[in-house]
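Inside the fold
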Amino acid sequence: MDEYGTTGQHREAQALPLTAAATDGLATPGPAVPQFSDLVLRSMTDAVLCTEVRGVVTYVNPAAAALLGGAPDRLIGTDVEALSTLLTSALDPMIHPIKAVLATGEATRVPPGTVLVRADGSEFVIEDCSAPVLDAAGALVGAVMVFHDVTQAHQTMLQMTYQATHDFLTDLPNRALLDSRLTHELAQAARRGAGVAVLYLDLDNFKQVNDSLGHRAGDQLLESVAARLRECVRRTDTVSRFGGDEFVVVLTLADNAAHMAGVTAGKILSALAVPHQVGGEVLHTAASIGISVSPEDGSDAEALVKNADTALYLAKAAGKNTFRFFEPHMNVDAVQRQQLQNALRAALGSGQLALHYQPKFDLRSGQLTGSEALVRWHHPTLGHVPPARFIAIAEDFGLIGALGRWVREAACAQMVAWQRQGRAAAHTAVNVSAQELHQNSFEADLLRTLQETGVAPERLQLEITEGVLLRDTDAALAKLSRIRDMGVRLAIDDFGTGYSSLSYLRRLPVDTIKIDQSFIRELGRDNDIDGAGAVIVRAVIGMGQSMGRRIVAEGVEAQAELDFLRRQDCDEAQGYWFSAALPAAEFASRYG
Ligand SMILES: Nc1nc2c(ncn2[C@@H]2O[C@@H]3COP(=O)(O)O[C@H]4[C@@H](O)[C@H](n5cnc6c(=O)[nH]c(N)nc65)O[C@@H]4COP(=O)(O)O[C@H]3[C@H]2O)c(=O)[nH]1
C-alpha cells in the first residue's frame, strides 16, 4: 500500500466499471490506464473516497485524506461512518451518503449546506456526489464519493443571505424575512388551531427628531426602539423593521389571540414611552399600533400586514400613542384614502384646485381689511372635496408641502393681479398646516414665492393653528420669529382650542389672534352675555388687546354675534353673516 492507500485491493476496485462516478480510464481495465487514473486522482482538488460493499474504505486520494484529517493508511480499512459524520444544514444527523448509495444502489447528492464533521470534531460544509460501483455483471461491489470543501463559499452565501434579509441598522429581520416567517407561522398555527397577530407600529414623532436633531440621532432612536421591542416579546416571536420608522411584530398566540395581542401592544407602548437616551439627549417618543389577527382578519401574510397597516392609520387618527384592531369596514376607508391621494397628486398639476376668498371687515369702520384664502378642490367625478378631508390626506401622504406651496403662490399671484387692476392693496391670509411649518424647506420656499411674485411681505399673512404652536415650542417659536423678521404677518388660528397659557401667548411673535368659531357659536343667538362662549370671547379680546394683538372673530353668522363683538370692541370679523369664501372674480366684483 502506498502513502495514499492505493493497494492491490484498491486497484481491483478501480478496475471495476463505474456507472456514475466517472467516465475516464477508471472504467476500463488495462495496465496503462490505471496509472493515468491514479495520476489524475492524486492531482485532483476534489476529494475521492471509495468503499467496498459494506462501507469499508478502500481508497482515498490526497484531497480526501487532507479533508478527512488522517494519513491514508489510517483511513483505509475503516468504516466510512467512523471517519466523519454528516449533518444537514439544520445540523441534524443524516444518513451517510455512501451508506445511502449502498442501501439503494442509486447515485445521490447531499443537499446544499451539508456539514461534514470529521473525527477530531472540526467541521466543513461540503458538496458531495456519491455513486455505486458495479462489477462487469452489474452487481453492486462498492461506492465512490466525490466531495469538496465549500465552507468559504457557504459562509459568503450565508452572509449575503443575512444581509438580504436583515435591516442593516437594527439587525432586525426585514420585510422579506418577515413575510416568509409570517407565512411559515400561519401554516403552523393553522395546523394547531392557534392564532397569529400582526402588530404594525409607527413612531409618532420620528420625522421631527430627524429634522431637528439630525439623522444620527434618528438612527440611534430607531436602535433604541428596536431593542425595547425585542424585550417586549418572546424569543419565538418576530420583530422586524419595514424601513423608516415602521416596525412589524408577529406574535404566535395559543388562545385568546386578540386579547393577548392587545396586552402586548399596551406593553410596547409603555416600554417606548420611557425616555430614550440618544447621544447626550433624552428623547421622548410615542408610537401608534394597528393590529390584525388570523384567521379573522386574513389568512395570508399579505392580507394580515395590509389590514394591520389600515388599523394603524386609524390608531394615528385616534390621537396617536394608542393601538387599534382592524375591523372590516376600515378597508373601505383605506381604499378611499388611497384613491383620494392619487387624485390629489394629479389635481396638484391639473388646474382642479382653486382659491376662494372670504372677506374680513374692520368692526369699527366697516371697511374691508383683507381676505382669507381657502383652498377648493373640484374633482371631475368626485365633485367638491372638502378641504378638511383632503388636507389630512395631503399631510398623511407627504403632499402637504406641494399643496401649501401652490396655495401661497396662487394667493400671491392673485394679489399681484388685483394690484395691477388698480384695486386696493389689502392683505391676504393663507392657512399653514402643522407639517408644512415643520418642514426644513418652508422658510426658503416662502421667501422664493415672495421674491418671484414681487408681493410685499406685509401683504401676506400666515394663519397657524394654536395647537401647532404648542408642540415643539422652542423650534417653532424660533422659526416664526425668523418669518416675522422677513416682514410676513402671522396670526394664531382657532385660538382657544389649544390651551395656551398667557405667558406663552406673550412670547408668540404674532400680530393677530383669531377667536375660534366654536366660541362665537356658543355666544348663542339670544346674546347670553354670561354664557361660557361670551366669557371666553370677552377674555380673549381683553387679554389679546392688552398685549397689542389684533383680534379677529371667525365664523360670525348672526347679527347678535356681531353686536356682541362690537360691544366688546373686537377689531375684525369674518363669517357667513358677511359672506362665504368666494371665487376670485366674484370677490373682486363685490369688494373691489
Ligand atoms: N360654520 C361656519 N363656517 C365658516 C363661516 N365662515 C367661514 N367658515 C368656514 O370655516 C373655515 C375657516 O377656516 P379654518 O378655520 O382655517 O379651517 C380650514 C383650514 O384649517 C383648512 N384649510 C382650508 N384651506 C386651506 C389651505 O389652503 N391650507 C391649509 N393648510 N388648510 C386649509 O380647512 C379648514 C376648513 O376650511 P373650509 O371648509 O374652507 O372652512 C372655512 C370657512 O369656509 C361661518 O360663518 N360659519
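Structure shown above.
None of the values given here were measured: they were computed from a predicted structure.

Describing the site of the ligand
In the neighbourhood of the ligand, 23 residues make up the surrounding shell, with L374, V375, N431, G575 and Y576 lying closest. Looking at the shell around the ligand, the elements with two or more residues in it are strand 16 (368-379), helix 14 (387-396), helix 15 (400-420), strand 18 (427-432) and strand 20 (489-495). Within the shell around the ligand, the residues separate by chemical class into 12 nonpolar, 7 polar and 4 charged.

Brief notes about the sheet that holds strand 13 (residues 287-293)
The strand order 9-10-8-13-14 describes an open sheet built from 5 strands, whose pairing is mixed. Every other strand in the sheet has two partners, leaving strand 9 (238-243) and strand 14 (323-325) as the edge strands with one partner each. Pairwise comparison of adjacent strand axes, ignoring direction, gives a mean angle of 20 degrees for this sheet. The sheet contact formed by strand 8 (residues 195-203) and strand 13 spans 7 bridges and is antiparallel. Note on strand 13: the bridge partner recorded for D202 is S288. Along the sheet, helix 10 (residues 215-232) makes contact with strand 8, strand 9 and strand 10 (246-253), crossing strand 9 at roughly 155 degrees. Each of strand 8, strand 10, strand 13 and strand 14 is contacted by helix 11 (residues 257-273), which is oriented at about 165 degrees to strand 13, the strand it contacts most.

Brief notes about the pairing of strand 2 (residues 57-60)
One face of the sheet, then the other: side chains in a regular strand alternate in exactly this way. Where strand 1 (residues 47-52) meets strand 2, 3 bridges bridge the pair, whose relative direction is antiparallel. Bridged to L49 within strand 2 is V60. Where strand 1 folds back on strand 2, the antiparallel hairpin that results is connected by 4 residues, among which G55 adopts a positive phi of roughly 100 degrees.

Each value, and the rule that gives it
- Residues numbered from 1 in each chain as written.
- Predicted model: local features only at pLDDT ≥ 70, side-chain atom pairs only at ≥ 80, totals over all residues.
- Near = placed C-beta within 6 Å.
- Helix = DSSP H or I, 4+ residues; strand = E, 2+ residues; numbered from the N terminus.
- Nonpolar A, V, L, I, M, F, W, Y, C, P; charged D, E, K, R; others polar.
- Pairing = 2+ DSSP bridges.
- Axes fitted to C-alpha atoms, helices over the stretch in contact; angles between N-to-C directions.
- Contact = placed C-beta atoms within 7 Å.

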